[in-house]
Structure formats: structure tokens, C-alpha cells
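# Inside the fold
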Amino acid sequence: MSASAFTTVPLAPADPLFSLIAAYKADTFNKKVDLGVGAYRDDHAKPWVLPVVKKANAILYNDPDLNHEYLPIAGLATFTAAAARLILGADSPALAEKRVTSVQTISGTGALHTGGRFLAKFYARPQNQAVYLSNPTWANHKQILENLSLPVAQYPYYLPTTRGLDFAGLTGALNSAPSGSIILLHACAHNPTGVDPTREQWTEIAAIMKEKKLFPWFDCAYQGFASGNLDNDSWAVRYFVEQGFEMCIAQSFSKNLGLYGERAGVFHFVSPPSSDAIEVTKKVASQLAIVQRSEISNPPAYGARIADAVLNDPELFKEWTENLQTMAGRIIDMRAALVSKLKELGTPGDWSHVTKQIGMFSFTGLTEKHVAVLREEFHIYMTKNGRISMAGLNSHNIDYVAAAVDKVVKQYPE
Ligand code: IK2
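Here the structure is a predicted model, which means the values were calculated and not measured. The residue numbering used here restarts from 1 in each chain and proceeds along that chain's sequence as written. Per-residue local features are limited, in this predicted model, to residues with pLDDT of at least 70; the limit for side-chain atom pairs, both in listing and counting, is 80 or more; totals at the level of whole chains, interfaces and linings are taken over all residues. Water and hydrogen atoms were dropped before computing side-chain values, which therefore reflect all heavy atoms in the structure.

### Concerning the overall build of the protein
We apply this condition: A run of H or I in DSSP becomes a helix once it reaches four residues, and a run of E becomes a strand once it reaches two; helices and strands are each numbered from the N terminus. We compute the radius of gyration from the C-alpha atoms alone; for a globule the expected value is 2.2 Å times N to the 0.38, where N is the number of residues. Each residue's exposure class comes from its accessible area (1.4 Å probe, protein chains only) as a fraction of the maximum for that residue type: buried when under 20%, exposed when over 50%, partly exposed otherwise.
Regarding its fold elements, the protein presents 16 helices and 13 strands. A compact globule built from 414 residues would reach a C-alpha radius of gyration of about 22 Å, and the protein, at 22 Å, matches this within 12%. Considering only C-alpha atoms, the protein reaches an extent of 65 × 65 × 55 Å along its principal axes. Counting only residues that meet the buried cut, the protein has 53% of its 414 residues in that class.

### With respect to the environment of Lys32
The test is simple: Any two residues whose heavy atoms approach within 4.5 Å at even a single point are treated as in contact. The term polar contact refers here to a pair of N or O atoms within 3.5 Å; inside protein, the definition further demands a hydrogen-donor-capable atom paired with an acceptor-capable atom, and it admits residues adjacent in sequence only when both atoms are side-chain atoms.
For Lys32, the position within the fold is in the loop between helix H1 (16-26) and strand E1 (33-34). In this structure the C-alpha to C-alpha distance between Lys32 and Ile380, which are 348 residues apart in sequence, comes to 5.7 Å. Once residues within four sequence positions are removed from consideration, Lys32 is found in contact with Tyr24, Lys25, Asp27 and His379. At a separation of 2.9 Å, a polar atom in the side chain of Lys32 contacts the main-chain carbonyl oxygen of Tyr24. Here Asp27 takes part through its backbone oxygen, which lies 2.8 Å from a polar atom of the side chain of Lys32.

### Some thoughts on the nonpolar core
Condition: Remark: nonpolar core denotes a set of buried residues (Ala, Val, Leu, Ile, Met, Phe, Trp, Tyr, Cys) joined through side-chain atoms within 4.5 Å. Domain limits in this description derive from either an automatic procedure or a database domain assignment.
Counting residues in each nonpolar core, the largest one holds 66 residues, and the members touching the most others are Phe79, Phe253, Trp320, Leu374 and Ile380. Those elements that place two or more of their residues in this core are helix H2 (51-61), helix H3 (77-88), strand E10 (264-270), helix H12 (302-312), helix H13 (314-345), helix H15 (368-378) and helix H16 (398-411). Looking at this core, you find at least three residues from each of domain 1 (16-49 + 330-408) and domain 2 (77-312). Excluding its chain neighbours within four sequence positions, the residues that come into contact with Leu374 are Leu366, His379, Ile380, Met382, Ala404, Val405 and Val408. Formed by 38 residues, the second largest nonpolar core is a distinct cluster that contains Leu165, Leu170, Leu214 and Phe363.

### Focus on the packing of H12 against H13
Put simply, the rule is: Fitted lines through C-alpha atoms serve as axes, helices being fitted only where they are in contact, and the angles separating the N-to-C directions of these axes extend from 0 to 180 degrees. Note on terminology: angles under 35 degrees are roughly parallel, angles over 145 are roughly antiparallel, angles of 65 to 115 are roughly perpendicular, and the others are oblique. Residue polarity is assigned by list, with Asp, Glu, Lys and Arg as charged and Ala, Val, Leu, Ile, Met, Phe, Trp, Tyr, Cys and Pro as nonpolar; anything else, Gly included, falls into the polar class.
The geometry of H12 relative to H13 is characterised by a closest axis approach of 5 Å and an angle of 95° between their N-to-C directions. Our classification of the angle between H12 and H13 gives roughly perpendicular. Two secondary-structure elements touch here, H12 through Ala309, Val310, Leu311 and Asn312 and H13 through Pro314, Leu316, Phe317 and Trp320. A class-by-class count of the residues in the contact of H12 with H13 yields seven nonpolar, one polar and no charged.

### A short note on the domain arrangement of the protein
Rule in force here: Accessible surface is computed with a 1.4 Å probe, and the buried area is the amount of it that two parts give up when combined, taken over both parts together. Between Lys or Arg on one side and Asp or Glu on the other, a salt bridge is scored when a side-chain nitrogen of the former is within 4 Å of a carboxyl oxygen of the latter.
Along its sequence, the protein is organised into domain 1 (16-49 + 330-408) and domain 2 (77-312). Listed as interface residues are 18 residues of domain 1 and, on the opposing side, 16 residues of domain 2. Summed over both partners, the interface of domain 1 with domain 2 buries about 1,400 Å², with 61% contributed by carbon and sulfur atoms. Broken down residue by residue, the surface that domain 1 buries against domain 2 is led by Ile358, Phe361 and Phe363, which jointly contribute 39%. One can count zero salt bridges joining domain 1 with domain 2. Put simply, domain 1 and domain 2 have five residue pairs in polar contact (both at pLDDT 80 or more) between them. Contributing elements (two or more residues each) for the side of domain 1 that touches domain 2: H13 and strand E11 (361-363). Tallied by class, residues from the side of domain 1 that touches domain 2 come to eight nonpolar, eight polar and two charged.

### Observations concerning the layout of surface pockets
One simple way to see leftover space: roll a probe sized like a water molecule over the atoms. Definition in use: Buried and open spaces are told apart on a 1 Å grid over the protein atoms alone, a cavity being a set of points where a 1.4 Å probe fits but cannot get out and a pocket being an open set with protein on both sides within 12 Å along at least five of seven lines. Residues with an atom within 4 Å of a point are the lining residues. Grid points are joined across faces, edges and corners, and a volume is the space filled by probe spheres set on the points.
Size it by volume and the largest pocket reaches roughly 1,300 Å³. Put simply, the parts of the chain that give the lining of the largest pocket at least two residues each are H1, helix H5 (107-122), helix H6 (140-147) and H15. Within the lining of the largest pocket, the residues separate by chemical class into 22 nonpolar, 16 polar and 10 charged. Looking at which domains feed residues into the lining of the largest pocket, each of domain 1 (16-49 + 330-408) and domain 2 (77-312) gives three or more. Estimated volume of the second largest pocket: approximately 510 Å³. At the level of elements, strand E6 (164-165), helix H8 (199-211), helix H9 (230-233), helix H10 (235-242) and helix H14 (352-356) are the ones that each hand at least two residues to the lining of the second largest pocket. Ranked by residues supplied to the lining of the second largest pocket, first place goes to H14 with three residues. When its residues are assigned to classes, the lining of the second largest pocket shows 11 nonpolar, 10 polar and six charged.

Structure, rendered in C-alpha cells:
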């Protein structure tokens with residue numbers, strides 16, 4: 001007989017992405033390629049510490065006043081304020097009217113969790129309306145929200161036939177979602193598809209959501225990564241604010257500052273313009289503080305200090321925008337290179353979606369079988385759904401990857 005009270009605990013499957021990372025690390029083949037993890041790599045497949053982050057690090061290291069005291073419950077105020085200006089725009093009416101409250105979180109995942117906890121506790125959903133997630137979406141969305149007992153539903157997003165946006169499906173779902181439903185939207189560089197709505201489509205999405213009284217919740221993990229321009233990549237968020245929505249934003253600095261392991265993120269709540277907006281915002285801030293205190297007490301300091309230094313120093317900020325262009329530019333070059341190599345090889349299929357898609361990922365359309373063979377025979381790692389992290393490609397492995405893709409697609413036609 002077992003001595004444990006937990007014998008009935010079911011064995012959970014390992015996280016697919018982190019298992020993929022571990023399998024890649026354990027692979028000893030010298031030409032192995034990691035197209036799995038959504039983390040930027042340089043042209044030698046190495047993690048890239050942004051030069052501006054190195055500078056900010058040096059400033060912190062040499063600061064005689066730096067200590068390791070607790071941050072306030074809501075985090076480093078100069079960082080969260082700069083983060084709000086970054087996503088909303090420095091001239092945002094919501095900021096001018098003090099309708100925004102921001103709390104530092106354990107990166108984007110923490111921002112989703114904190115936001116979800118707050119919404120589960122305080123957002124009135126008399127018919128138990130769901131949080132709608134795009135189909136597909138970042139796998140962790142569902143898991144985070146279900147852990148908070150928030151019901152989740154899906155809206156169509158991706159059309160395999162065009163490898164683009166299923167706009168009719170998306171707008172159809174918004175039109176039929178019960179009023180008060182929460183709609184989780186990727187602010188830019190949609191994960192996993194790399195497919196973003198155009199500005200005209202965002203405008204239409206906002207109009208439907210306004211009419212149907214749907215609650216927007218933006219997840220922004222890739223600002224600056226999609227187009228290389230921070231303002232362009234937050235256009236949708238700013239447009240929704242301009243339209244007077246009450247909304248939430250989960251913001252991550254993992255990718256755009258390369259601070260993956262430092263866990264720097266922010267959750268923002270924006271009240272709609274109204275005579276009691278400041279009061280509502282204050283009340284929300286007070287409750288977010290309770291959520292934070294009870295869950296993590298106060299957020300981690302180091303990554304936030306680095307981000308703070310970069311965001312608040314005009315020279316470092318300028319250098320950051322150049323670093324972002326280096327990353328986004330290399331990814332865009334790799335998209336073009338992959339398509340051109342596949343065309344050269346006469347690989348069956350139209351690969352133009354790879355250059356049309358944007359941000360860290362491409363949803364290639366490779367099947368599960370292709371993915372499995374690429375891994376087993378060629379040691380090329382990607383998620384089962386055929387998503388590739390474009391940053392895993394470089395001038396040294398692109399020929400190898402294109403030739404392997406060509407081979408499997410020819411060998412196993414869809
Ligand atoms: N939201 C989205 C849409 C994300 O893609 C991520 C990061 N995902 O990166 C892993 C991968 O898919 O390869 C996050 C939120 C959360 O990011 P973090 O908690 O690292 O800031």
C-alpha cells in the first residue's frame with residue numbers, strides 16, 4: 001500500500017515546447033537546427049544579449065546606490081509608467097486623463113495571470129461569458145485562464161487554405177459572442193501563425209466589438225518585433241483606446257529586450273472615458289495590489305531595472321530601436337531567403353505566406369508527418385503544428401533547412 005495521499009494524481013504530460021527545447025539540447029548531431037523556441041538567435045544560432053541591455057547592465061552594476069530591497073507591490077513605478085507610454089503612446093488620452101493603472105508582473109505570462117485573476121474576481125459576467133481565444137493561439141493562454149476557472153471559448157483566426165486570416169470566421173464569431181464576453185487579441189505578430197489583421201480589419205473588429213459590447217484584452221509579447229517599429233506594432237492597441245474601450249493589456253519585455261529569463265512584464269488596465277474614470281481606475285489599482293500581494297507579494301527587480309534604464313534614457317531608447325531593427329530585419333531577411341531557396345529547389349506549394357506572415361513565427365503549413373521526419377532524419381526541431389521560429393534560421397543553416405523541407409514535402413505530399 002502506498003504511503004502517499006496523492007496516488008490518484010494523474011500524471012500530466014510534459015510541456016510540449018519545453019520538452020522540445022530539452023530534446024534539441026540533448027541532440028548531439030552537429031547540424032541540428034532549433035526552429036522551436038520563440039527566442040531570438042543571431043546569425044550563429046546564439047542567444048543575443050542586446051547591446052543596449054549590456055549598457056544598461058553596466059550602469060546598474062556600477063551604481064553604488066543599487067540595493068536588493070523589495071520593490072513596491074505594484075513594481076518599479078518609473079518602469080511601469082514608461083511601459084504604459086510605450087504601448088499606449090506618450091500622448092495617449094487615457095494617460096493624460098489618468099485612466100490607466102499598471103502593475104509590474106512576472107513577464108507576459110504573469111500579466112496574463114494577474115489580469116485573469118482580477119477579471120475572474122471582479123468582471124461581472126452574469127451569464128458566465130467566456131474568454132475567447134484565437135484558434136490557434138499560444139498554447140499557454142488556455143492553461144493560464146482555465147487555472148483561474150475562467151471559461152474559455154474560441155474564435156476562428158487562421159484559414160489553412162490561404163495560410164492567412166480567416167476574417168469572415170473571426171468577425172462571425174465576434175458577432176455571435178454573448179455581450180460582455182472577453183476577447184483576447186494578439187496586439188501584433190500573432191503566435192503561432194504570424195498572421196495579423198490589417199489596419200482596416202482592426203477597424204472593423206473594433207466596430208463589431210463596440211456594437212456587441214465585447215471586452216478587449218490585448219496580449220502584447222512582440223512590440224517592435226513585427227515591423228521593427230514600436231509605434232506601428234502598437235497601432236491596434238492605440239486604436240482601441242482611441243475608440244474609448246475599457247480594456248486590459250498584458251505586456252512582455254521578454255522578446256523585444258531579450259530579457260527572457262528576467263521576467264519583466266506589466267499588466268495595464270484602461271478605464272473608458274467617463275466622469276468617474278479616475279475613481280474606477282483607483283479602485284482597480286487597489287484590488288490589483290491585493291491580487292499581487294497575495295500571489296507574489298512584489299515583483300522581481302532586476303529585469304525591470306534594465307528595462308527602466310532603457311525606456312527612460314533617450315539615448316539608450318534610441319539604441320534600443322536600432323537593436324530592434326537588427327532583430328526584425330534579420331528575421332525578415334530569413335523569410336525572404338527561405339522562400340527563395342524553396343522556389344529554387346522547386347518545392348511543391350506556394351510559400352509566399354512565409355514572407356507575408358510577420359514577427360517571430362511562420363506557420364509553414366508543414367504537416368505533423370513532415371515535422372516528425374524533419375526531426376528524426378534531419379535533426380530540425382519545430383512544434384508539431386508546423387510553426388517555425390524564424391530566428392532559428394541563419395545564413396549557415398538555411399540551405400540545409402530548405403533542402404530538408406524540400407525533401408520531406410516531395411516525399412510526403414499532403
Ligand atoms: N503571450 C504570447 C502570445 C507569447 O507568445 C508569449 C511568449 N511565448 O514564447 C514562447 C513560445 O511560444 O515559443 C507570452 C505571452 C509570454 O511571454 P513571457 O512570459 O515570456 O513574457
